[in-house]
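As a plain string of letters, each chain reads:
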Amino acid sequence: MDELLKHAIFGSLKLSLKLILIIVPLMVAYEFLESSKTFKRILDGLHFLLKPLGFSKQASISMLAGIFLGVTYGSGVLLAQSEKKVLSEMDALLTAVYLSMCHAVIEDTLVFVAIGGNGFYILGTRIVIATVITFIFYRYLKGKLSKG
Amino acid sequence: MQQSIKSSFIKGLKNGLEVSSKLIKTIIPFYIAVDLLAHTKLSVYLGTLFSPLMKPFGLSGKMAVAIISGYLVNLYAAIAALVPLNPSWQQITVVGLMTGISHNLVVEGAILHKTGVNAFFTIAFRIVVSIIAGFLLASFFRLTNG
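This structure is a prediction, so every number in the text was calculated from the model and none was measured.

Each helix and strand in chain B was counted, giving seven helices and zero strands. Along the chain direction, N to C, the helices and strands of chain B fall in the order α-α-α-α-α-α-α. Dimensions of chain B along its principal axes, counting C-alpha atoms only, are 55 × 35 × 30 Å. Relative to its 146 residues, chain B shows a buried fraction of 45%.

Residue and element names in this part refer to chain B. Along the chain, Gly47 turns up in helix α2 (residues 41-54). Along the primary structure Gly47 and Lys62 are separated by 15 residues, whereas in three dimensions their C-alpha atoms are 4.3 Å apart. For Gly47, the contacting residues outside a window of four places in its chain are Ser60, Gly61 and Lys62.

All names here are of chain B. Helix α7 (residues 119-144) packs onto helix α6 (residues 105-114) with a crossing angle of 135° between their chain directions and a minimal axis gap of 8 Å. Taken as axis vectors, α6 and α7 run oblique relative to one another. Between α6 and α7 the crossing geometry is right-handed. For the pair α6 and α7, the contacting residues are Leu105, Gly109, Ala110, Leu112 and His113 in the first and Ala119, Thr122, Ile123 and Arg126 in the second. Of the residues contributing to the contact of α6 with α7, the split by class is five nonpolar, three polar and one charged.

Residue and element names in this part refer to chain B. Overall, the predicted model of chain B reaches an average pLDDT of 90, with 97% of residues at or above 70. The least confident element of chain B, judged by mean pLDDT, is α6 at 81; the most confident is helix α5 (residues 89-101) at 97. In the model output, the complex is listed with pTM 0.86 alongside ipTM 0.87.

The subject of this paragraph is helix α5 (residues 105-114) of chain A. Of all the residues in α5(A), the buried ones are A:Val105, A:Glu107, A:Asp108, A:Thr109, A:Val111 and A:Phe112. Looking one or two residues past α5(A), A:Gly116 carries a phi angle of roughly 110°, positive in sign.

Within the largest apolar cluster, 70 residues are counted, with the highest numbers of intra-cluster contacts made by B:Tyr31, B:Met63, B:Ala78, B:Ala80, B:Ala81, B:Leu82 and B:Val95. With residues near it in sequence (within four places) discarded, B:Met63 still touches B:Met54, B:Leu82, B:Leu85, B:Pro87, B:Gln91 and B:Val95.

This part is about α2(B). Residue and element names in this part refer to chain B. For α2, which comprises 14 residues, the first-to-last C-alpha distance of 19 Å matches the rise-based estimate of 20 Å (1.5 Å per residue) to within 8%. Considering bend angle alone, the principal kink of α2 is centred on Thr48 and spans about 30°; proline Pro52 follows within four residues of it. Across the 14 residues of α2, one count as buried, placing the element largely on the outside.

With that settled, consider the interface of chain A and chain B. Taken together, the 42 residues of chain A in the interface contact 45 residues of chain B. No other element matches helix α1 (residues 2-34) of chain A, which puts 17 residues into the side of chain A that touches chain B. Of the residues assigned to the side of chain A that touches chain B, the class counts are 26 nonpolar, 13 polar and three charged.

Turning our attention to the packing of helix α4 (residues 75-82) of chain B against α5(B). Residues and elements named next belong to chain B. The contact between α4 and α5 brings their axes to 10 Å, and the two run at 155°. Judged by the inter-axis angle, α4 sits roughly antiparallel to α5. Crossing handedness for the pair α4 and α5: right-handed. Judged by residue contacts, Leu75, Ala78 and Leu82 of α4 engage Ile92, Val95, Thr99 and Gly100 from α5.

In regions of low pLDDT, the predicted coordinates are not meant to be interpreted in detail. Per-residue confidence for chain A gives a mean pLDDT of 80; residues scoring 70 or more make up 83%. Element-level mean pLDDT values for chain A span from 64 in helix α3 (residues 57-84) of chain A up to 89 in helix α6 (residues 119-147) of chain A.

Here we come to unusual backbone geometry. Of note in the backbone geometry, A:Ala104 takes a positive phi value of approximately 50° without being a glycine. Since 21 C-beta atoms lie within 10 Å of it, A:Ala104 is described here as buried. At B:Asn86, a residue that is not glycine, the phi angle is positive and equals roughly 50°. Position of B:Asn86 relative to the elements: it lies in the loop between α4 and α5.

Reading the values: the criteria
Residues numbered from 1 in each chain as written. Chains lettered and ligands numbered in written order. Predicted model: local features only at pLDDT ≥ 70, side-chain atom pairs only at ≥ 80, totals over all residues. Helix = DSSP H or I, 4+ residues; strand = E, 2+ residues; numbered from the N terminus. Buried ≥ 20, exposed ≤ 12 C-beta atoms within 10 Å, placed from the backbone. Contact = placed C-beta atoms within 7 Å. Axes fitted to C-alpha atoms, helices over the stretch in contact; angles between N-to-C directions. Parallel < 35°, antiparallel > 145°, perpendicular 65-115°, else oblique. Left-handed = near helix turned anticlockwise from the far one by under 90°. Nonpolar A, V, L, I, M, F, W, Y, C, P; charged D, E, K, R; others polar. pLDDT = per-residue confidence, 0-100. Core = buried A, V, L, I, M, F, W, Y, C linked by C-beta atoms within 7 Å. Expected span 1.5 Å × (residues − 1). Bend = angle between axes of the 7 residues up to and from the residue.

Written as structure tokens, this is what we have:
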């Protein structure tokens, strides 16, 4: 039992250290990205990509925060926008649908890559599925909202 | 400019350490619990119980603990529960996809609820989507590996 416990404690410390070594540099990189001009360019690019799914320009600001920073971190932006009522009903719903499936993707993917997963499959499948399902919702809601 | 580089660096470092402390608090207890559990008869029983449910995802029955930990707590709990079970890279990838889509359901459901979308809806919706996604990716791995 003593040997087992030692093995478990050592394993948990090793795993924590491995993940910290990935996360800390990543958070530093986030900060640089956020304060750079590239951030604004990414925003414009994202709007272009999200338009066919029914998102407005306003919504793509919450989307960007959510996709990269996660619902918990991005929630500040999401809540601020929903309180200011800048998002239409459609935007709020589509944002919630997309973000509920697809947020904090960089951090999420990297931590699983750190333990030996394939990042391409994790990220690729997640984005494709979230996009397809959001598109289905958009088509469904468009018909419903315009009728009544 | 010099100033903003320095402040970005410090802010990033601070956020990173904050996440790290959260991570340690989750990983250490979950990892130790699952690693110890894996050596008991209870884990054999749980493994057999969940085996048919986990089969479509290419996971062993014991890995149900990782999926459930991820759904309820967060990805770090899922990782901590998965690593002691010696998963293959395909299994890590499937768990990463499923818990990536659907995790920390209670807390995040409450956050999304504040933006005006029903929490019950987002929780049920994410679980269903993660099951579909996990099944599709596991099927793809089965096909490509013969």
